[in-house]
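# Coordinates in review
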Amino acid sequence: MTTEPDRSADAAEQRGAATATAPPEDPPPADRPAVASAGRSRVGTADLVFKNLTRTAGLGLLALIAVIAIFLVLRATHALSANTGDFLTTEEWFPNATPPKFGVAATLYGTVVSAAVAMVIAVPVAVGIALFITVYAPRQLSSVLGYIVDLLAAVPSVVYGLWGLIVLAPHMKGIQLWLNDYFGWIPLFSGDSVGRSLFVASVVLAIMILPIVAALSREVFLQVPIAHREAALALGATRWEMIRTAVLPYGKPGVISASMLGLGRAMGETIAVALVLPASFNISAHLLSPAGNTIAANVANGWGEANDIGRGALIASGLVLFIVAMIVNIIARAIVARRREFSGSSA
Amino acid sequence: MATRIDVTGLTAYYGKFKAVADVNLTIEPKNVTAFIGPSGCGKSTVLRTLNRMHEVLPGARVEGKVLLDGEDLYGAGTDPVNVRRTVGMVFQRPNPFPTMSIYENVIAGLKLNGVRKKALLDERVEESLRGANLWEEVKDRLGRPGAGLSGGQQQRLCIARAIAVEPQVLLMDEPCSALDPISTLAIEDLITKLKSSFTIVIVTHNMQQASRVSDATAFFSLEKTGDPGRLVEFDKTSKIFTNPTEKRTEDYVSGRFG
């Protein structure tokens, strides 16, 4: 457009009344009490008190984490130095024996696999629920369902775990046999027997994390501006195309964050998994076979009878869980940040 | 391609509330028709009935007929999705998809229509952006986010997105109300240019704008708050602004009312 600059002067004069009134500038905030004038000293004191209060809380939290970390590392180091196996690659777990031999390989494998399978099951279902509530359901049904999902998300996950264990797990045998029969050509579903497997644990975990992921995703999809949804519809999008064009891309970072919260819950879940799995320390590629253990379940199972070295070994495995969770979160953040300027948050 | 629109006995509701009653008018092809009137008179509602966007809001419904070259938009077999591919729309606030680049925004509608060929898409992007008087400003940064443009550029991007699917009618719902005067002028120039290819209907609060860009003007008004809006007068723009038949129209366009 070459014509714009030439015309800008008269155009602004002709119709510029609306832009002529600039709001008066706010006075600068009094965040430096030392140089604030006497008349503003009361505000300055309040600012100072609040600033120090928040700073103390923040630094206190960091100090607490540091103290815990140091304690854990010390206890873990003690056990690790007595270990006769390689901690990262050994599958066995005999920390209470003399000499102690233990490794995190089997439980780490169980943790990662069960959490990953749980995510594969739960996230699509949760996103589906959230989309149904925000886009498809009639208004009244949608508000009722939204309320119910929020309520379900507030129930402690162990309640779902127990339900899954007592009600669901006994019915899992048929599904597992079916998967084994028809999808046995996929190595994951092969194997000679089915039972209290990582797969059952994964399904229980999926049920646990479903409400929280669904509730957060719903919240995210509700944030999609009506203007973007209408833009897609006005281009002749069907409802599904509108979701694909406007809702899902806008909600993606939020859904990833919601999934990460779910993943954290799944990896840290203890009691339900400890009750489902037979606590065997071996790495098996067969998802459906009765075998497996997770780090969190192993801590719950082993803590009571562990000696000094044994507890140090469990603490060491806990540190591994912490590191894995951190790596997963860093990756997730990197995925979200990759297209930050396209996230819509700046619009 | 451009199309005549015949509106007969149109009444639009939001739930139980009758927003606008018994509208009859004919919109000529390759003309700019402006809808003016005070807030709440139903002019935006009528505009949104012309591409079946009104019913997108929960509880909203329409009675009456809207004929697009003789074909009833509200006929039993008519799919609103197809209607919206024929009748494009530009909204009050620029609303490019924030997750898409400039290029992706322009082709969003084409992709919905299943166009996949890169060469064809490239061609249509340039054509549409040129059509929207935006090409020179963005040709070197087609991969940048559409939301990073200025408000006026975003609105022209939205116009490019709407014309990329080659609609027959272009509806504009107060397209300049969120823009500064210079961007407004750019859009008005663009409207004058686009009318050679499209039938354009524009809702505006700005009477000077209506008199500058439109060929015909429809004046809507309402008796009092809570009453449905009605079409008071519909005629050539020159007649509405110089010698209207109705007293209320004269009061409104001369600034004595509202």
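It should be emphasised that the depicted structure is a prediction, and the values quoted were computed from it without experimental measurement. (Residues numbered from 1 in each chain as written. Chains lettered and ligands numbered in written order. Predicted model: local features only at pLDDT ≥ 70, side-chain atom pairs only at ≥ 80, totals over all residues.)

## A closer look at the overall build of chain B
Each helix and strand in chain B was counted, giving ten helices and ten strands. A compact globule built from 258 residues should have a C-alpha radius of gyration of about 18 Å, and chain B, at 18 Å, falls within 12% of that. Its C-alpha atoms put chain B at 55 × 45 × 30 Å along the principal axes. Partitioning the contacts of chain B with sequence separation of at least 6, the portion at a separation of at least 24 is 67%. (Helix = DSSP H or I, 4+ residues; strand = E, 2+ residues; numbered from the N terminus. Rg over C-alpha atoms; globule rule 2.2 N^0.38 Å. Contact = placed C-beta atoms within 7 Å.)

## Some thoughts on the overall build of chain A
When helices and strands are counted, chain A shows 13 helices and two strands. Within chain A, the proportion of its 347 residues that are buried is 37%. (Buried ≥ 20, exposed ≤ 12 C-beta atoms within 10 Å, placed from the backbone.)

## Quick look at the pairing of strand E9 (residues 216-221) of chain B
For a regular strand, the rule is simple: side chains alternate between the two faces of the sheet. The buried fraction of E9 of chain B amounts to six of the six residues, a majority that puts the element mostly inside the structure. Alternating residues of E9 of chain B divide into Ala216, Ala218 and Phe220 of chain B and Thr217, Phe219 and Ser221 of chain B, and every residue in both groups is buried.

## What about the packing of helix H9 (residues 226-234) of chain A against helix H10 (residues 239-268) of chain A?
Residue and element names in this part refer to chain A. The geometry of H9 relative to H10 is characterised by a closest axis approach of 8 Å and an angle of 155° between their N-to-C directions. With respect to each other, H9 and H10 are oriented roughly antiparallel. In the crossing of H9 with H10, the sense of the turn from one axis to the other is right-handed. Across the interface between the two elements, His228, Arg229, Ala231, Ala232 and Leu233 from H9 touch Glu241, Met242, Thr245, Ala246, Val247 and Tyr250 from H10. For the contact of H9 with H10, the per-class residue count stands at seven nonpolar, two polar and two charged. (Axes fitted to C-alpha atoms, helices over the stretch in contact; angles between N-to-C directions. Parallel < 35°, antiparallel > 145°, perpendicular 65-115°, else oblique. Left-handed = near helix turned anticlockwise from the far one by under 90°. Nonpolar A, V, L, I, M, F, W, Y, C, P; charged D, E, K, R; others polar.)

## Concerning the environment of Lys247 of chain B
Residue and element names in this part refer to chain B. Positionally, Lys247 belongs in helix H10 (residues 247-253). Judged by the 10 C-beta atoms lying within 10 Å of it, Lys247 is exposed. Along the sequence, Lys247 and Val232 sit 15 residues apart, while their C-alpha atoms lie 9.8 Å from each other.

## Observations concerning helix H5 (residues 139-154) of chain A
In this model H5 of chain A runs 23 Å from its N-terminal to its C-terminal C-alpha over 16 residues, within 8% of the 22 Å that 1.5 Å per residue would give. For H5 of chain A, the tally of buried residues reaches only one of 16 residues, placing the bulk of the element at the surface. (Expected span 1.5 Å × (residues − 1).)

## A word on helix H12 (residues 295-302) of chain A
Among the eight residues in H12 of chain A, six count as buried, and that is most of the element. In this structure, the buried residues of H12 of chain A make contact with strand E1 (93-94), helix H4 (105-136), H10, helix H11 (271-276) and helix H13 (308-338) of chain A.

## A short note on the pairing of strand E1 (residues 5-14) of chain B
All names here are of chain B. For E1 and strand E2 (residues 17-27), the ladder comprises seven bridges, and the chain directions are antiparallel. Residue pairing across strands places Ile5 opposite Ile27, the latter belonging to E2. The hairpin turn running from E1 into E2, its antiparallel successor, is two residues long, and Gly15 in that turn takes a positive phi close to 60°. Pairing analysis gives eight bridges linking E1 to strand E4 (residues 60-68), with the strands arranged antiparallel. Residue pairing across strands places Tyr14 opposite Ala60, the latter belonging to E4. (Pairing = 2+ DSSP bridges.)

## With respect to the UniProt feature "domain: ABC transporter" (unreviewed entry) in chain B
Here, UniProt's "domain: ABC transporter" (unreviewed entry) annotation points to residues 5-247 of chain B. The distance from the first to the last C-alpha atom of residues 5-247 of chain B is 27 Å, and the span holds 35% helix and 26% strand. (UniProt positions renumbered as here; feature names shortened; annotations may be inferred.)

## Structural notes on the nonpolar core
Core analysis: the largest hydrophobic core is formed by 159 residues, its most contacted members being Val204, Ile209 and Val213 of chain A together with Leu170 of chain B. The leading source of residues in this core is helix H8 (residues 198-222) of chain A, at 19 residues. Those residues in contact with Ile209 of chain A that sit more than four places away from it in its chain are Ala118, Ala122, Gly262, Arg265 and Ala266 of chain A. (Core = buried A, V, L, I, M, F, W, Y, C linked by C-beta atoms within 7 Å.)

## Regarding the sheet that holds E2 of chain B
Spatial ordering of the open sheet is given by E2-E1-E4-E5 (chain B), a layout of four strands whose pairing is antiparallel. Bordering the open sheet on either side are E2 and strand E5 (71-72) of chain B, each of which pairs with just one other strand.

## Here's the deal with the sheet that holds strand E8 (residues 199-203) of chain B
All names here are of chain B. Within the open sheet, the six strands sit side by side as E6-E7-E8-E3-E9-E10. Their pairing is mixed. The open sheet terminates on both sides in strands that have one partner only, identified here as strand E6 (87-90) and strand E10 (230-236). Within the sheet, the average angular offset between the axes of one strand and its neighbour, ignoring direction, is 15°. Of the pairings in the sheet, the one linking strand E7 (residues 169-173) to E8 comprises five bridges and is parallel in character. Each bridged residue has a counterpart across the sheet, and for Leu170 the counterpart in E8 is Ile200.

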